[in-house]
Amino acid sequence: MLLSNLDVLATAPGGVARLRELILTLAVQGKLVPQDPADEPASVLLQKIRAEKDRLMAEGKIKRDKPLAEIGEEEKPFELPEGWEWVRLADVVRVLNGKAYSKQELLEAGPVPVLRVGNLFTSNHWYYSDLQLEPGKYCDQGDLLYAWSASFGPFIWDGPKAIYHYHIWKLEPWSQSCFNTGFFHKFLAEKTAEIKAAGHGVSMVHMTKEKMEKIVVPYPPLVEQSRIVTRVEALMRLCDALEAKDQLEAAQHAQLVNTLLGTLTASTTPEELAANWQRVAQHFDLLLDRPEAIDALEQTLLQLAVRGLLMPQDPTDEPASALLQKIRAEKDRLIATGQIKRDKPLPPITDEEKPFELPVGWEWVPIDTLATVGTGTTPSRENPAFFVGGTTPWVTSGETGQTFIDATEQHVTDVALAQTSLTVYPVGTLIVAMYGQGKTRGQVAELRIPAATNQACAAIALIESAAHHRAYVKLVFEKSYDEIRELSAGGAQPNLNVGKVKSTLIPLPPLAEQSRIVTRVTALRRLCADLRQRLADAQTTQSHLAQALVESTASV
């Protein structure tokens with residue numbers, strides 16, 4: 001059942017990860033390989049372990065162990081195959097604490113490597129020590145280790161002989177001849193989520209040694225342990241191959257998408273675009289079967305829109321130059337009445353600065369020509385009068401991830417407005433994030449409420465009040481997201497500034513054409529949203545099918 005349905009599991013969202021979990025679950029339940037009645041049963045192995053422990057106690061090498069609590073029926077999560085036994089972890093291994101050391105004992109160079117939890121998971125940086133390798137406090141190749149604090153998980157150590165930190169346990173078998181390290185590694189890998197959930201702690205979850213020793217383990221015959229490990233490793237290699245195949249297919253798909261959508265952006269006229277669109281449309285079933293492909297299509301549509309290629313131009317439209325004259329006149333009026341400050345003349349736009357050729361009737365202009373561009377500030381947090389009881393919405397850069405801003409998490413007071421450089425911007429102002437974490441920088445949102453902003457936001461208040469003009473300019477900023485981010489300067493966290501935002505170039509069409517472009521793009525974006533929803537629904541159905549398959553396989 002498992003192998004015959006690999007295609008369903010492998011292609012479902014997160015399917016390979018669930019397939020790995022299923023393999024481990026089946027392995028520790030004895031359902032992955034057939035049992036052999038000729039195998040020496042686990043009960044005999046336990047007798048050998050008991051005899052070895054008695055010998056070590058008689059020789060004074062270990063203390064007499066306290067009997068572990070009998071395993072109750074409620075602790076047994078499933079029925080074991082013939083020849084298996086339920087045991088507690090301490091029945092088969094010694095759980096040995098690692099070494100506690102001070103920071104002063106960690107050296108950049110020294111005779112003995114020090115293994116920390118980070119070295120098991122993410123860190124390639126090693127520390128060393130002059131400490132002696134005490135019995136039980138060092139690990140060697142082939143040892144089974146378990147990280148039990150913050151990061152959890154089992155490891156078969158394959159590195160140098162090293163001191164291991166006390167946030168790591170070494171699980172040393174009482175009898176190596178009764179113990180397959182690989183099987184117990186697989187069991188602990190399958191059990192780790194449950195082990196971590198049973199831990200305690202707030203800032204850093206950790207497990208106690210006492211709880212670890214009491215974990216109930218399904219214990220197979222030794223030769224079956226070996227068969228299980230061999231089978232699991234073969235199936236995990238298959239999972240690796242499935243993931244590699246998926247990554248290759250994803251890369252090939254991305255290349256196909258880029259090539260075909262590139263033919264659209266290479267179009268020079270609406271007529272050429274229409275012809276190229278027909279050719280690309282024949283492959284939509286191949287193109288649009290992944291969310292990232294739909295994102296690429298939407299970005300392509302925005303690029304075509306601001307280049308005037310989504311629809312033919314109308315020569316009877318009043319050209320963009322007439323709109324610019326109207327905006328200039330309105331700016332002069334606002335300056336004369338003291339409502340805005342006089343803007344500084346910007347240098348002419350050179351041909352080298354123009355990224356593409358515009359249709360007849362369009363103009364290249366910096367956004368500062370079309371708007372007043374300002375920013376905000378963050379009033380001192382040390383003055384409660386600036387925030388406590390505030391009623392004026394105050395926008396942060398993180399809130400620009402919304403298409404429209406209808407409310408803000410924080411508000412400032414009238415005192416803050418009077419005593420700081422805050423400006424309350426009107427409804428319709430476009431807010432651009434100049435810096436922020438992750439994808440924030442370069443995002444644009446539109447105010448649906450009057451609001452002030454912090455210093456990480458640029459506020460673009462357009463002079464022309466037509467809604468479709470505002471929607472068009474916003475569309476240009478959305479199309480230019482990556483380009484705007486590239487304008488950033490700085491080190492670890494690159495930032496934009498108001499000057500760079502002011503100089504952002506806008507390909508300005510006639511006002512009537514702006515309306516047609518916005519209408520067309522809105523319709524196409526609805527189509528993209530519908531495609532995303534259909535794809536999400538299909539993936540959900542496939543995911544449910546894969547989950548049902550996993551559950552039915554595990555219950556066999």
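What counts and what doesn't
- Residues numbered from 1 in each chain as written.
- Predicted model: local features only at pLDDT ≥ 70, side-chain atom pairs only at ≥ 80, totals over all residues.
- Heavy atoms only, no water.
- Axes fitted to C-alpha atoms, helices over the stretch in contact; angles between N-to-C directions.
- Helix = DSSP H or I, 4+ residues; strand = E, 2+ residues; numbered from the N terminus.
- Parallel < 35°, antiparallel > 145°, perpendicular 65-115°, else oblique.
- Left-handed = near helix turned anticlockwise from the far one by under 90°.
- Contact = heavy atoms within 4.5 Å.
- Nonpolar A, V, L, I, M, F, W, Y, C, P; charged D, E, K, R; others polar.
- Expected span 1.5 Å × (residues − 1).
- Buried < 20%, exposed > 50% of the residue type's maximum accessible area, 1.4 Å probe, protein only.
- Arc of directions from axis to C-beta.
- 1 Å grid on protein atoms, 1.4 Å probe; cavity = no way out; pocket = protein on both sides within 12 Å on 5 of 7 lines; lining within 4 Å.
- Points joined across faces, edges and corners; volume = space filled by probe spheres on them.
- Core = buried A, V, L, I, M, F, W, Y, C linked by side-chain atoms within 4.5 Å.
- Salt bridge = Lys/Arg side-chain N within 4 Å of Asp/Glu carboxyl O.
- Pairing = 2+ DSSP bridges.
- Phe/Tyr/Trp six-rings, centres within 6.5 Å; stacked < 30°, edge-to-face > 60°.
- Lys NZ or Arg CZ within 6 Å of the ring centre and 35° of its normal.

Q: Got a sec to walk through the packing of helix H8 (residues 222-265) against helix H11 (residues 291-306)? Specific residues and values, please.
A: Relative orientation of the contacting elements H8 and H11 amounts to 15°, with a least axis distance of 10 Å. Between H8 and H11, the angle falls in the class roughly parallel. Of the two elements, H8 crosses H11, and the hand of that crossing is right-handed. Side by side, H8 and H11 meet where His-253, Val-257, Leu-261, Leu-264 and Thr-265 of the first sit next to Ala-293, Ala-296, Leu-297, Thr-300, Gln-303 and Leu-304 of the second. Its residues assigned to classes, the contact of H8 with H11 comprises 7 nonpolar, 4 polar and no charged.

Q: Can you tell me about helix H3 (residues 42-58), naming the residues and giving the values?
A: The terminal C-alpha atoms of H3, which comprises 17 residues, lie 24 Å apart, in line with the 24 Å expected from a rise of 1.5 Å per residue. Of all the residues in H3, the buried ones are Ala-42, Leu-45, Ile-49, Lys-53, Leu-56 and Met-57. The arc enclosing the buried residues of H3, seen along the axis, measures out at 115°, which places them on a common side. Among the exposed residues of H3, those pointing more than 90 degrees away from its buried face are Gln-47 and Ala-58. Residues of H3 that are buried sit in contact with strand E1 (85-88), helix H4 (89-92), strand E10 (216-219) and H8.

Q: Can you lay out the layout of surface pockets for me, pointing to particular residues and giving the numbers?
A: Empty space within the largest pocket amounts to approximately 940 Å³. In terms of lining residues, the largest pocket is bounded by 34 residues, among which Ile-340, Ala-371, Thr-372, Val-373 and Gly-374 are the most central. Elements represented by at least two residues in the lining of the largest pocket include exactly helix H12 (320-336), strand E12 (371-375), strand E19 (457-462) and helix H17 (498-502). Top contributing element to the lining of the largest pocket by residue count: E12, with 5 residues. By volume, the second largest pocket is sized at about 760 Å³. Looking at the second largest pocket, it is lined by 27 residues, and the ones nearest its centre are Lys-53, Asp-65, Lys-66, Ala-90 and Trp-174. Mapped onto the lining of the second largest pocket, the elements with two or more residues apiece are H3, E1, H4, strand E2 (93-97) and helix H7 (209-213). Classifying every residue of the lining of the second largest pocket gives 14 nonpolar, no polar and 13 charged.

Q: I'd love a proper account of the nonpolar core, names of residues and values included.
A: Leu-310, Ile-367, Leu-370, Ile-460 and Phe-477 are the most contacted members of the largest nonpolar core, which totals 59 residues. Each residue touching Leu-370, except ones within four places of it in the same chain, is listed here: Leu-324, Ile-327, Val-365, Leu-462, Ile-463, His-469, Val-473, Ile-506 and Leu-508. One finds Val-87, Phe-184, Tyr-219 and Cys-239 within the second-largest nonpolar core, a separate group that totals 53 residues.

Q: Could you give me a rundown of the packing of H11 against helix H15 (residues 467-479), with the residues and numbers involved?
A: Relative orientation of the contacting elements H11 and H15 amounts to 125°, with a least axis distance of 9 Å. Here H15 runs oblique to H11, going by the angle between their axes. For H11 against H15, the interelement crossing comes out left-handed. Across the interface between the two elements, Gln-299, Leu-302, Gln-303, Ala-305 and Val-306 from H11 touch Tyr-472, Leu-475, Val-476, Glu-478 and Lys-479 from H15. For the contact of H11 with H15, the residue count by class is 6 nonpolar, 2 polar and 2 charged.

Q: Mind laying out the pattern of salt bridges, listing which residues take part and the relevant values?
A: Within this structure, the stated rule accounts for 32 salt bridges. A salt bridge links Arg-227 to Asp-39; the shortest N-O distance between them is 3.0 Å. Here the residue Arg-227 occupies a position in helix H8, and Asp-39 occupies one in the loop between helix H2 (15-28) and H3, the gap between them amounting to 188 residues. The class for Arg-227 is partly exposed, based on a relative accessible area of 28%. Among the salt bridges present, the one from Lys-191 reaches Glu-194, with a minimum N-O distance of 2.9 Å. On the criterion of helical spacing, the pair formed by Lys-191 and Glu-194 is a turn pair, its members being 3 residues apart in helix H6 (residues 181-197). Among the charged side chains, a salt-bridge network with shared partners connects Asp-295, Glu-298, Glu-478, Arg-525 and Arg-532.

Q: Give me the lowdown on the sheet that holds strand E4 (residues 127-129), citing residues and values where you can.
A: The strand order across the open sheet built from 4 strands is E4-E3-E8-E5, with neighbouring strands paired in mixed fashion. Because the sheet does not close on itself, it has two edges, and the strands there are E4 and strand E5 (138-139). Bridge count for strand E3 (residues 112-115) against strand E8 (residues 162-164) is 2 bridges, and the pairing is parallel. Of the residues in E8, the one forming a bridge with Leu-115 is Tyr-164.

Q: Explain the packing of aromatic side chains to me, using residue names and the numbers behind them.
A: Under the definition given, this model contains 10 aromatic pairs. Between the aromatic rings of Trp-148 and Trp-169, the centroid separation amounts to 5.1 Å while the plane-to-plane angle is 20°, which identifies the pairing as stacked. Placement of the pair is Trp-148 in strand E6 (residues 144-149) and Trp-169 in strand E9 (residues 168-173), with a sequence separation of 21 residues. Judged by relative accessible area, which is 9%, Trp-148 ranks as buried. Relative to Phe-184, the ring of Phe-179 lies with its centre 4.4 Å away and its plane at 20°, an arrangement referred to as stacked. A single burial state applies to Phe-179 and to Phe-184, both of which are buried. For Arg-448, the ring lying beneath its charged end belongs to Phe-404, and the centroid distance is 3.6 Å.

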